[in-house]
Amino acid sequence: MAIIRVQKGTKDILPCDMPVWHFMEDKAREIFTSYGAKEIRTPIFEATELFARGVGDTTDIVNKEMYTFEKSERSLTLRPENTAGVVRSFIENGMHRLSAPVKLWYKGPMFRYERPQAGRQRQFHQVGVEVFGIKQAAADAEVILMAVNYLKALGLNDLSVELNSLGCPECREVFKTKLKEVIKPYLPQLCPDCQARYEKNPLRLLDCKVEECKEIYAKPEIQAVIQSDFICENCANHFNELKCYLNALNINYSINKLLVRGLDYYNRTVFEIKSNNLGSQNAVCGGGRYDSLVKNLGGEDTPAIGFAMGMERLASLIGQKEDERTTAFVVSNNTLEAIRLTEELRADGISAEFDLTNKKFVKQLEKASKVAKFALILGEDEIAAGKVTVKNLDTSEQKTVSREEAKKFFT
Ligand code: ATP
Ligand code: MG
């Protein structure tokens, strides 16, 4: 019979991959907790409207990439990202009443109907942070620090931080008008996506990955507009303050005026962290400020800033990590005594296994050396004397000791 295979764009995370995933998850909890952030877990599906309003209906995510389905005449969608869900929960649970800042972090699977390729899946995982309630640039600096320090804790180097300011809705309007003016003569030559973006969200033109469009946007008269300083005085002050913090904290960054980010809700600070060791899918982290989103989704006006990182891309940079071996493997022909000893060890928090098939000692030792750090040999003599022989499977050293003493080897 034909076997059923995993779906295109999805992957099993196998036991042999787990050491890396546990490492990423443990470090996330450790680092984000050290900044005072609390973990939040929101449902994997939400009302479709949440993403249409929260991510924006001019984005690729909402237009092309959502897994949407109907149940009981409701339109539901598998979350393509977690900011909208976290904001919904923030509003619904009245978290604006908590004293600011409210710092939340999350991890989990996201779903986007994209063309699968290296570094791009249809079910993938993100770990991210959202900080609510602070409009000052110090929050932007702290959020960037959280991202950078998490990546450092994972041992990742060769990363570059790219930064831009999208200004506020007022100053951006002026920029959009200028951009449309200068691009207008080339409109018929742009890709269909850009033609649609031109009216709906001209900033996103700069995000286009199509070579022909990129060539057009590289033209001097268009570059002159893109590279111009369009943001208003308040936005410029905010951006300068952030840059001062980052300079003083020795966080290297470069300004990328083409960085506009895929989601509609960003204002002022946007940033991306890229790896020089990934192919074309080289962004490991994307983030930015979204001061209007909480209000747009029906909450109290609350400024916010956050980021999300792609965990599969992080995993591919971390590479292999050694499998977590069981601590003790009990070798014995007396199954009941073996069960008793393994249970005793487990009760003391020591990971332990024993042979379930009652094979020959040599076979049991072979298995032990594959999966465990120590063999605990429980022969007839040892059982009679209430002792156990502890064999270090890396060095082959062994010693016969009391059961109590044996446990000390592992704690
Ligand atoms: P990209 O430009 O690579 O499509 P994006 O702007 O769509 O990224 P965000 O929505 O900001 O990405 O998500 C943050 C991070 O999540 C990305 O930097 C990336 O590491 C990861 N990511 C996004 N989409 C995918 C995907 N389909 N498969 C794997 N990882 C992804
Ligand atoms: Mg994308």
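Residues numbered from 1 in each chain as written. Chains lettered and ligands numbered in written order. Predicted model: local features only at pLDDT ≥ 70, side-chain atom pairs only at ≥ 80, totals over all residues. Heavy atoms only, no water.

A. Representation of the overall build of the protein in the model. In terms of helices and strands, the protein carries 16 helices and 16 strands. Relative to the globule expectation of 22 Å for 411 residues, the C-alpha radius of gyration of the protein, 27 Å, shows a markedly less compact shape. Taken along its principal axes, the extent of the C-alpha atoms in the protein is 90 × 55 × 45 Å. The proportion of buried residues among the 411 residues of the protein is 49%. Excluding contacts between residues fewer than 6 apart, the proportion of contacts in the protein whose partners are at least 24 apart in sequence is 69%. Computed over 57 positive and 57 negative side-chain charges, the separation of the two mean positions in the protein equals 1 Å. (Helix = DSSP H or I, 4+ residues; strand = E, 2+ residues; numbered from the N terminus. Rg over C-alpha atoms; globule rule 2.2 N^0.38 Å. Buried < 20%, exposed > 50% of the residue type's maximum accessible area, 1.4 Å probe, protein only. Contact = heavy atoms within 4.5 Å. Lys, Arg positive; Asp, Glu negative; His and termini not counted. Charge placed at Lys NZ, Arg CZ, Asp CG, Glu CD.)

B. View of the site of ligand 1. Among the 15 residues in the neighbourhood of ligand 1, the closest are listed as Arg112, Glu114, Gln121, Arg261 and Ala283. Arg120 is positioned with one of its side-chain polar atoms (N or O) 2.9 Å from an oxygen atom of ligand 1. Across the complex, the protein chains shield 90% of the 580 Å² of accessible surface that ligand 1 would expose by itself. For the shell around ligand 1, the secondary structure elements donating two or more residues are strand S6 (123-132), strand S10 (283-289) and strand S11 (304-310). Ranked by residues supplied to the shell around ligand 1, first place goes to S10 with three residues. Of the residues in the shell around ligand 1, the class split is five nonpolar, four polar and six charged. (Near = heavy atom within 4 Å. Polar contact = N/O pair within 3.5 Å; in protein donor to acceptor, adjacent residues only side chain to side chain. Areas by Shrake-Rupley, 256 points an atom, 1.4 Å probe, with all protein chains shown as cover. Nonpolar A, V, L, I, M, F, W, Y, C, P; charged D, E, K, R; others polar.)

C. Representation of the environment of Gln320 within the structure. The topology assignment puts Gln320 in the loop between helix H12 (311-318) and strand S12 (326-332). For the pair Gln320 and Pro19, spaced 301 residues apart in sequence, the C-alpha separation works out to 8.1 Å. Apart from residues lying up to four places away in sequence, Gln320 is in contact with Cys16 and Val20.

D. Geometry of the packing of aromatic side chains. Inspection of every chain in the model, using the stated rule, returns eight aromatic pairs. Centroid distance Tyr67 to Tyr113: 5.8 Å. Interplanar angle 85 degrees. Geometry classified as edge-to-face. You can see Tyr67 sitting in strand S3 (residues 67-71) and its partner Tyr113 sitting in the loop between strand S5 (102-111) and S6, a full 46 residues away along the chain. Accessibility expressed as a relative area gives 27% for Tyr67, which makes it partly exposed. Classification of Tyr113 as partly exposed rests on a relative accessible area of 45%. Here the aromatic rings of Phe90 and Phe132 are separated by 4.2 Å at their centres, their planes lie at 20 degrees, and the arrangement is stacked. With Phe90 in helix H4 (residues 83-92) and Phe132 in strand S6, this pair connects stretches of sequence that are 42 residues apart. Neither Phe90 nor Phe132 differs from the other in exposure class; each is buried. Put simply, the rings of Phe32, Trp105, Tyr150 and Phe307 pair up and form one aromatic cluster. (Phe/Tyr/Trp six-rings, centres within 6.5 Å; stacked < 30°, edge-to-face > 60°.)

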